[in-house]
Amino acid sequence: MDNEKDLLRKDLENQNTPEEIKKFVEDAELLGHEDIALLGKQKLEVIEAKAGEISKTSESQVSQVNELGGSSAEIDKRTEEVDQKIEEVQKSAENQIVEIQNKNQEKKEINRESIKIGSVFKVEFSRGKLTEVKVLTEIRKTNDVNPREYVRVKAVNGTLETDIEIEKLIDADLEKQILKQKISDIQRSLDNNLKIKESLASLGNKKVASAEHLVSSLGVPLMFLEETNKLRDLIRKRNLYPRGSIERDNAQKDLIQFQKENTGDSTTFLFYPSPEDSYVLVKGINGPKLMASYSLDDAIGEIIINQKKDILDLEEKIQ
Amino acid sequence: MTNEEKAKKIEEIYNEAIKKLAELEKERKTIVSSYIKELEAQKIDAIRASILSDK
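Nothing here was measured: the structure is a model prediction, and the numbers come from that model.

A closer look at the overall build of chain A
And step 1. Along the backbone of chain A there are 9 helices and 10 strands.
And step 2. Looking at chain A as a whole, 25% of its 319 residues are labelled buried.

Focus: the overall build of chain B
And step 1. Within chain B, the regular secondary structure consists of 1 helix and 0 strands.
And step 2. The buried share of chain B, taken over its 55 residues, is 22%.

Structural notes on helix α5 (residues 72-102) of chain A
Residues and elements named next belong to chain A.
And step 1. Helix length check: α5, at 31 residues, gives a terminal C-alpha distance of 42 Å against a target of 45 Å (1.5 Å per residue), a fit within 8%.
And step 2. Its axis deflected by about 55° at Glu80, α5 carries its strongest bend there.
And step 3. Of the residues making up α5, those classed as buried are Ile75, Thr79, Val82, Ile86, Val89, Gln90, Ala93 and Ile97.

Quick look at the interface of chain B and chain A
And step 1. Contacts between the two partners involve 28 residues from chain B and, on the opposite side, 38 residues from chain A.
And step 2. The class makeup of the residues in the side of chain B that touches chain A is 15 nonpolar, 2 polar and 11 charged.

Thoughts on the pairing of strand β4 (residues 149-155) of chain A
Along a regular strand, successive side chains alternate from one face of the sheet to the other.
All names here are of chain A.
And step 1. In this structure, strand β3 (residues 140-141) lies alongside β4, joined through 2 bridges in antiparallel fashion. Paired with Lys141 across the strands is Glu149, a residue of β4.
And step 2. As paired elements, β4 and strand β5 (residues 161-165) share 5 bridges and run antiparallel to each other. Note on β5: the bridge partner recorded for Val153 is Thr162.
And step 3. Here β4 folds back onto β5 in antiparallel fashion, the turn holding 5 residues.

Some remarks on the nonpolar core
Note on soluble globular proteins: their nonpolar side chains tend to be buried together.
And step 1. In terms of nonpolar packing, the biggest core is built from 19 residues, with Ile86, Val89 and Ala93 of chain A together with Tyr14, Ala17 and Leu21 of chain B touching the most fellow members.
And step 2. Elements represented by at least two residues in this core include exactly α3 (33-54) and α5 of chain A together with α1 (3-54) of chain B.
And step 3. The greatest single-element share of this core, amounting to 8 residues, is contributed by α1 of chain B.
And step 4. Excluding residues that lie within four positions of it along the chain, Leu21 of chain B makes contacts with Lys50, Ala51, Ile54, Ile86 and Val89 of chain A.
And step 5. Grouped together as the second largest cluster of nonpolar side chains are 8 residues, Val135, Val153, Leu169 and Ile170 of chain A included.

Digging into the packing of helix α4 (residues 59-67) of chain A against α1 of chain B
And step 1. Close contact between α4 of chain A and α1 of chain B brings their axes to 9 Å; oriented N to C, the two are set at 25°. Taken together, the axes of α4 of chain A and α1 of chain B are roughly parallel relative to one another. The crossing of α4 of chain A and α1 of chain B is left-handed. Contact with α4 of chain A, carried on its side by Gln61, Gln64 and Val65 of chain A, involves Val32, Tyr35, Ile36 and Leu39 of chain B of α1 of chain B and no other residues of that element.
And step 2. In terms of residue class, the contact of α4 of chain A with α1 of chain B is built from 5 nonpolar, 2 polar and no charged.

Digging into the packing of α5 of chain A against α1 of chain B
And step 1. In the contact formed by α5 of chain A and α1 of chain B, the axes pass within 10 Å of each other and the chain directions differ by 180°. As judged from the angle between their axes, α5 of chain A and α1 of chain B are roughly antiparallel.

Focus: the environment of Lys237 of chain A
And step 1. Tracing the chain through its elements places Lys237 of chain A in helix α7 (residues 230-240).
And step 2. C-beta crowding within 10 Å serves as the criterion here: with 16 such atoms nearby, Lys237 of chain A is assigned to the partly exposed category.

Some words on the environment of Lys141 of chain A
All names here are of chain A.
And step 1. Looking at the secondary structure, you find Lys141 in strand β3.
And step 2. The spacing of Lys141 and Val151 is 10 residues in sequence and 8.6 Å in space, taken between C-alpha atoms.
And step 3. Discounting residues that sit within four places of it in the chain, Lys141 has contacts with Pro147 and Glu149.

Observations regarding the confidence of the model for chain A
Residues and elements named next belong to chain A.
And step 1. In the predicted model, chain A carries a mean pLDDT of 69, and the fraction of residues at 70 or more is 60%.
And step 2. Confidence scores differ between elements of chain A, with strand β7 (residues 209-215) showing the lowest mean pLDDT of 40 and β4 the highest of 91.
And step 3. Here residues 265-280 scores under 50 on pLDDT; set against residues more than four positions off or in separate chains, the count is 63 contacts.

Describing the environment of Lys180 of chain A
And step 1. Summarising the element assignment, Lys180 of chain A is placed in helix α6 (residues 172-203).
And step 2. For the pair Lys180 of chain A and Leu314 of chain A, spaced 134 residues apart in the sequence, the C-alpha separation amounts to 7.9 Å.

Things to note about the confidence of the model for chain B
And step 1. Per-residue confidence for chain B averages 87 on the pLDDT scale, and 95% of its residues sit at or above 70.
And step 2. Predicted as a complex, the structure gets a pTM of 0.39 and an ipTM equal to 0.90.

Analysis parameters
- Residues numbered from 1 in each chain as written.
- Chains lettered and ligands numbered in written order.
- Predicted model: local features only at pLDDT ≥ 70, side-chain atom pairs only at ≥ 80, totals over all residues.
- Helix = DSSP H or I, 4+ residues; strand = E, 2+ residues; numbered from the N terminus.
- Buried ≥ 20, exposed ≤ 12 C-beta atoms within 10 Å, placed from the backbone.
- Expected span 1.5 Å × (residues − 1).
- Bend = angle between axes of the 7 residues up to and from the residue.
- Contact = placed C-beta atoms within 7 Å.
- Nonpolar A, V, L, I, M, F, W, Y, C, P; charged D, E, K, R; others polar.
- Pairing = 2+ DSSP bridges.
- Core = buried A, V, L, I, M, F, W, Y, C linked by C-beta atoms within 7 Å.
- Axes fitted to C-alpha atoms, helices over the stretch in contact; angles between N-to-C directions.
- Parallel < 35°, antiparallel > 145°, perpendicular 65-115°, else oblique.
- Left-handed = near helix turned anticlockwise from the far one by under 90°.
- pLDDT = per-residue confidence, 0-100.

Structure, rendered in structure tokens:
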């Protein structure tokens, strides 16, 4: 994943107004599969943290109850039903997000003219594995109310013979080209991320460090400004309060003020940090003022692992 | 489904979940507050009863 996308993805975390969301959606075409996976993961982490937070009774209330002769057990009993609902909301969001993440990308429509007896295609019989098959018949139709078109196929390197709907046929050559292109894109991004990780590791306690290879996808060189937890703390503080509350609005103002002080611009990039990460601020050199935070470990590390895995999977598919 | 659509959909699910959680948070706080009020009322009743019995 390149830096520009990283910024955009993380920026989504902080969209509060319809205008901001619209702006994000316009930019979202730059998002890739791994961004969606990370986005879903981050959203679920926030939901989980929120659910955990509100399922607990505050210490002040517990001590108040105890002082008045009540008990924590009674609190648990009375809140059991609502706690159950909280858990259900969390689980339901998790199921829905996972379902969205697993939805297949739109496949290019296959050319019907190319489906002839003897032509070779690929079919995904089991998840992630493509099998080469040869077409044995002309296109036929089922007798259902909504007839589906299918052909009989036979595995090129096996004995399997079966009927398959024509939209499940994948053009072998086209697929190979797409996969090769994907590998090359991921590899380029992986090389860049490895350099970023190296640079982050060498940053140590330095307040300022340049990173010339750290270039956004638009070619804007970036540099590290400073290592900071301030940003994380401000966002964490804001997220403690429910949307629409005065406390959250005030915390958001503090956050924007911090952005202005550091970049002179309140419409800069920020993202939701996971609680334990450390961050550095980065900014474009001679480019539009950007500010973003890079996790020193988790974010880049996880992306690198996933990219290496994706490359191996894609290579396996090509073979 | 394209990645843009997925991102939008995830955002919708997230917003909906956070909204529901905020409502449930309010509901939970109300339950605990009611219990505290109940305990306070019991305490006041007990004090009142004790004063009356002293008389």
